[in-house]
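Observations on the model geometry
As a plain string of letters, each chain reads:
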Amino acid sequence: MPSTDPLPSLTPTGEVDRAVQGLKVPPHSVEAEQSVLGALLLDNSTWDFIAPILREVDFYRTEHAVIYRTIGKLVNENKPADVLTVHEELKSTGLAENFGITYLNQLSNNTPSTANVRGYAQIINDRSILRRLIQTADSIANSAFDPEGKAVRTLLDEAESRILAISEIGGSSAEYFEMEELMTEAVLRIQELQARGGSNDITGVATGFIDLDKQTSGLQKGDLIIVAGRPSMGKAQPLDAQIKLLSGWKRMQDLMVGDALASIDGQPSLVTGIFPQGLKEIYQVVFSDGRTTQCCAEHLWRVAHPEWSVARVLSTGEVSTYLADPRYQGQLSIDAITGDFGNPQILPMEPWLMGALLGSVEQVVADELVFKRLQEPFVQQLQQAIVGAFPEWSATKQNAFSQNADGQWQWQGVSPVLLQVNAPHCKASCPVVEKLTRMGSLQSVESNTHRPSIPALYLEAPKSERQALLTGLIQGLSQASSPTTSSDRITLQVASTELAQQVTQLVRSLGGTCQTLEQHPAQSSPIWQLQLELPREDFVPCVTFASIRLVRRAQAQCIAVSHPTRTYLTDDYVVTHNTSFAMNIAEHVAIKEGLPVLVFSMEMGASQLATRMLGSVGRVNQGRLKTGNLNDEEWSRFTNAIGLLNKAPMLIDETGSLSSLELRARARRMARKYGKVGLIVIDYLQLMAGKGTSSGDNRTTEISEISRSLKSLAKEMGCPVIALSQLNRSLENRENKRPIMSDLRECVIGSTLVLLADGTQRPIQELVGTTPLVVAMNAQQELVHAVSDCIWSVGVKPVMRIQTQHGLDLTATENHRIYTQKGWLRLGELQVGDTVAIAMDQVAGAASSITWDLVTTKEVAGEAEVYDLTVPSHASWLSGGIVSHNSGAIEQDADVIIFIYRDSVYHPETERPGVAEVIIGKQRNGPIGTVELSWQGEFTKFDNLAHGYQANPFGGSSGGSSSNNVPF
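Rules used throughout
- Once a new chain begins, its residue numbering starts again from 1 and follows that chain's sequence as written.
- Reporting of local features is limited, given that this is a predicted model, to residues whose pLDDT is at least 70; pairs of side-chain atoms are given and counted only at 80 or more, and all residues count toward the totals for whole chains, interfaces and linings.
- The basis for every side-chain value is the complete set of non-hydrogen atoms in the structure, without hydrogens or water.
- For the purposes of this entry, the term helix denotes a DSSP run of H or I that reaches at least four residues, the term strand denotes a run of E that reaches at least two, and both are numbered from the N terminus.
- Only the protein chains shown count as cover for residues, with accessible areas throughout obtained via the Shrake-Rupley method and a probe of 1.4 Å.
- Categorising residues by exposure relies on relative accessible area from a 1.4 Å probe, with only protein chains included: less than 20% of the type maximum marks a residue as buried, more than 50% marks it as exposed, and the intermediate range marks it as partly exposed.
- Here the arc refers to the directions that run from the helix axis out to each C-beta atom.
- In the analysis that follows, any N or O atom pair within 3.5 Å is treated as a polar contact, provided that within protein one partner can donate a hydrogen and the other can accept it, and provided that, for residues neighboring in sequence, both atoms belong to side chains.
- Patch rule: a residue counts if its relative accessible area is over 30% and it has no salt bridge; like charges are joined within 9 Å, and nonpolar side chains (Val, Leu, Ile, Met, Phe, Trp, Tyr) within 5 Å.
- Each salt bridge in this description consists of a side-chain nitrogen of Lys or Arg and a carboxyl oxygen of Asp or Glu lying within 4 Å of one another.
- Throughout, an axis means a line fitted to C-alpha atoms (over the contacting stretch in the case of helices), and angles, computed between N-to-C directions, take values from 0 to 180 degrees.
- Take the far helix as your reference; a near helix turned counterclockwise from it by less than a right angle gives a left-handed crossing, and one turned clockwise gives a right-handed crossing.
- A contact between two residues is defined here by any heavy atoms of the two lying within 4.5 Å.
- Classification used: nonpolar for Ala, Val, Leu, Ile, Met, Phe, Trp, Tyr, Cys and Pro, charged for Asp, Glu, Lys and Arg, polar for all others including Gly.
- Here, a strand pair is defined by DSSP locating no fewer than two bridges between the strands.
- Here, nonpolar core means buried Ala, Val, Leu, Ile, Met, Phe, Trp, Tyr and Cys residues that are tied together by side-chain atoms lying within 4.5 Å of each other.

Some thoughts on the overall build of the protein chain
- The helix and strand inventory of the protein chain stands at 26 helices and 43 strands.
- As displayed, the protein chain has an accessible area near 44900 Å², and 51% of this comes from carbon and sulfur atoms.

Next comes the structure, spelled out in structure tokens:
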């Protein structure tokens, strides 16, 4: 019998056409599609069995998808869906001409059985998944051929997410749970709890902190827990910034953890963390006496003002905004330093004598020092000091000090005995000149030109020796002409550029100010005039901000330091600013509970984190861990900690700036290694990268997307996710520094008008406690109606005010975000001339587009009570007619919000130095309140607080580490 198979396609030469043979039809089953539709036409009740697993897009043939949609419409309207009614419905939509009633009859007549309809639907769904796999694979291949500038890592993460997303389409396969199934699960859960001991109140993952577990019942599966702390005090400086160490200066890029830093007040200070920040815009900050430093816009400063009761912590951007207001110009000062630092070592010459010689010598001629016109008391003091420094010459010197014909004093330090021995024509060197030359203080013994220079050894000496050096310099420089002095200021003149710079550095290192002015007398080289202000017991010189301007883009990094004020010294002696709780929980979950823990550490390297955990678990002093100087007992605890951590099911990912997409993909891969994940820790949320898919994206929107993604991750992985987050800096400026929920938000003043959906506007303070329908901006930049979630008073905060060209007015906190043509910007970032999104007309009907308005005024507006409003759907609303951002994305997504507060950070003399307060600010399914823990700073460890705790009666603190920086 001849074959009935189709003949293969042939070319004109009779060969098989490989191109045609290569064409493949996508996976599908027409028969299964026909059987499902026929079953539905015969028995409408079968819809309930297949609707959860089958969608319109799962059909391969378009006409089948249309028929399925039509049947579904009729069923959902409680109308019969048979051959006739479906045909009539298709006629009403104009589609009946494509599907005759004959075909519908064939579908119903040819269906084998309605009993197997779910099996037929599963076949259609499986084929649909195969087609989506093919489409996704093609798309991934195209992305590989044309990556459009994306990094390989990004392409890999996107590919993994797109493949995994196929199985997630359509959501859960179960629409509901029957009570029998739920009761079985409940019984198993209760049995599990009973196995733990019955009296155990923990229903989630235990943290190891007893009182915290009592409040939360442990960390629950699927919960997003935000652990919010005070702002990082360090921020970024360029890699070439100079940082003052005890032993000298070091570039930012060369710093190492453990480096001993000079500090603002002489207290010990170490580098405890180094965090590269990538490419940043760098600003040059100039101060009142001419000193300068460079940093990024977010860099923090402790700033004082005569009208402020306490210093405030402000970013460089915030300081720049204040300086734009004439009221604050010349009034914003940084911390003064005491100068209590230096590198103790033996100096080759007494500091006062060194300074006096450098300041008073005018010329050097072989064996003679020729001085300026000296006053008699100074001559006697100088001669006594020289003789004391060179006792071998004291017995043989003859009239070493004398005056020449011009009245200038001279010192001939050559012994007459040596001259007689070596003959009168011999030129023996002066020991004073010789020593000064060896130290580099004189350019040349043979040169008649005197160019004095302070040896670096003296500039890095301890405070008392630098003070003596400066005293000698001032006395020496004052001999030629009486200095201009006032109660606080001294004016000196220096002919050497190098010496002028060195005197300036010396004065600033002692907590003084030195302003340098260049003069050009017609008959001589430039003369530098130095205006000095030196600290006294009753007077501290003030260094104020003069100007801030953008100068470049450069790689930057920030550091954490251990000094209690979190400050360190940077260029020109400028004073400027700079995870343990979550990691202690992670240690407990991995070691004690035996559950796998994933840690995404975007701030600290994996090796640094491991060292911290060794100190915490083994209770070994972190300072001695850095040096390796452990005693026998510490070595024993260290070895034990190594054994525990070696067995701990913990994975650490130190990749910086992970996007939410990358993080979820990595979490899935890690989960596959262990099967079940007990806890995920992310350090920290603000270091995660957003999608950045368009120029309109901004950090505010990205943070909202990230927080939602982390909540989804918690639910997907079935485990708690702890994300560390930073609070805004307003808490630094109030008397009570304890964090509160409002520190997660940015707000407007009470008189701000809220645009409601009915077209009216009402002050926000009148809407407190209500949830009105408001006007918001959607993703298409259209103004639409949206339901508000909550409106409440936040408290008193510093505020700023802007006005627009059309007369709109908004007063809000510095971090309140508004929509501009650059995207979402903080009020503090906004500049005069920027354009903001507004609604010129009252919106009471259909969606309308925004318009743009020019910012004409920006100023500081003091302090005021402020309010906030949340709109969950579009995260925006109209404040005073200006499109404002909803600030509460993190707060809304989080199930639990925890704040950490240690009083010793702000009050070193606190009566409770070793106590940390864990403040539960929000708990979706439990109480809020405060839990006290013990803080053991030397181990970077939180622990349960013993009942009956009392403050250490002998004073002292358990330590801790934080950081700031200060310029000379």
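A closer look at helix α5 (residues 83–92)
- Among the residues of α5, those classed as buried are Val83, Val86, His87, Glu89 and Leu90. All buried residues of α5 project into a common sector of 160° when viewed along the axis, lining one side. Facing away from the buried surface of α5 by more than 90 degrees, the exposed residues are Leu84 and Ser92.
- You can read the cap of α5 off the contacts: a side-chain oxygen lies 3.2 Å from the backbone nitrogen of Leu84, and it is on Asp82.
- Positioned one or two residues after α5, Gly94 has a phi angle of 80°, which is positive.

Here we look at a nonpolar patch on the surface
- Residues Leu130, Leu133 and Ile163 make up a contiguous nonpolar surface patch of about 220 Å² in total accessible area.
- As for its position among the elements, Leu133 is in helix α7 (residues 117–145).
- For Leu133, a relative accessible area of 35% translates into the label partly exposed.

Focus: helix α6 (residues 101–109)
- Looking at α6, one finds that the buried residues are Tyr103, Leu104, Leu107 and Ser108. Take α6 and look down its axis: the buried residues cluster within an arc of 140°, on one side only. More than 90 degrees from the buried face of α6, the exposed residues found are Thr102 and Asn109.

Section: the packing of α5 against α6
- α6 packs onto α5 with a crossing angle of 145° between their chain directions and a minimal axis gap of 10 Å. In terms of crossing hand, the pair formed by α5 and α6 is right-handed. Contact with α5, carried on its side by Val83, Leu84, Val86 and His87, involves Ile101, Leu104, Asn105 and Ser108 of α6 and no other residues of that element.
- Broken down by class, the residue content of the contact of α5 with α6 amounts to 5 nonpolar, 3 polar and no charged.

A word on the pairing of strand β40 (residues 915–923)
- Across the 9 residues that make up β40, a large majority, 9, are buried.
- Looking at chain direction, strand β39 (residues 896–901) and β40 are connected through 6 bridges and run antiparallel. Directly across from Tyr901, in β40, lies its bridge partner Glu917.
- Note: β40 against strand β41 (residues 929–936), 6 bridges, orientation antiparallel. Looking across to β41, one finds that Val915 is bridged to Ser934.
- Hairpin remark: β40 followed by β41, antiparallel, with 5 residues in the connecting loop.

Observations regarding unusual backbone geometry
- At Asn78, a residue that is not glycine, the phi angle is positive and equals roughly 60°.
- Position of Asn78 relative to the elements: it lies in the loop between α4 (62–76) and α5.
- Of the residues examined, Asn78 reaches a relative accessible area of 75% and is grouped as exposed.
- At Ser217, a residue that is not glycine, the phi angle is positive and equals roughly 60°.
- Structurally, the position occupied by Ser217 is in the loop between α10 (210–216) and β1 (224–229).

A closer look at the sheet that holds strand β29 (residues 782–787)
- Pairing is antiparallel in the open sheet, where 3 strands are placed in the order β28-β29-β35. The sheet is open, and its two borders are formed by β28 (773–777) and β35 (848–849), each paired with just one other strand.
- Relative to β35, β29 runs antiparallel, the two sharing 2 bridges. Each bridged residue has a counterpart across the sheet, and for Glu782 the counterpart in β35 is Ser849.

So, the pattern of salt bridges
- One pass over the full model with this rule turns up 28 salt bridges.
- Residues Arg291 and Asp289 are paired through a salt bridge, measuring 2.8 Å at the closest nitrogen-oxygen approach. Here the two residues Arg291 and Asp289 agree in accessibility, since each one is buried.
- Between Glu716 and Arg668 there is a salt bridge whose closest N-O contact spans 2.7 Å. Taken together, the residues span a long stretch of sequence, with Glu716 in helix α24 (residues 699–717) and Arg668 in helix α23 (residues 660–674) at a distance of 48 residues.
- A relative accessible area of 33% means that Glu716 is categorised as partly exposed.
- On the basis of relative accessible area, Arg668 is assigned to the buried category, the value being 11%.
- In this structure, a network of salt bridges that share partners links the residues Lys73, Glu77, Lys79 and Glu89.

Details of the nonpolar core
- Counting 41 residues, the largest nonpolar core has Phe581, Leu679, Ile722 and Ile898 as the members making the most contacts within it.
- Sorting elements by how many residues they give to this core places helix α19 (residues 580–591) first, with 7 residues.
- Here Ile898 is in contact with Leu212, Ile225, Ile226, Val227, Ala228, Phe581, Val918 and Ile919, once residues within four sequence places are set aside.
- Core analysis: the second largest hydrophobic core is formed by 40 residues, Val361, Leu369, Leu477 and Leu510 among them.

Re the sheet that holds β41
- Taken in spatial order, the 9 strands make up an open sheet running β22-β21-β23-β24-β1-β39-β40-β41-β42, and their pairing is mixed. Two strands lie at the open edges of the sheet, namely β22 (650–653) and β42 (941–944), each paired on one side alone. Neighbour to neighbour, the strand axes of the sheet diverge by 25° on average, direction disregarded.

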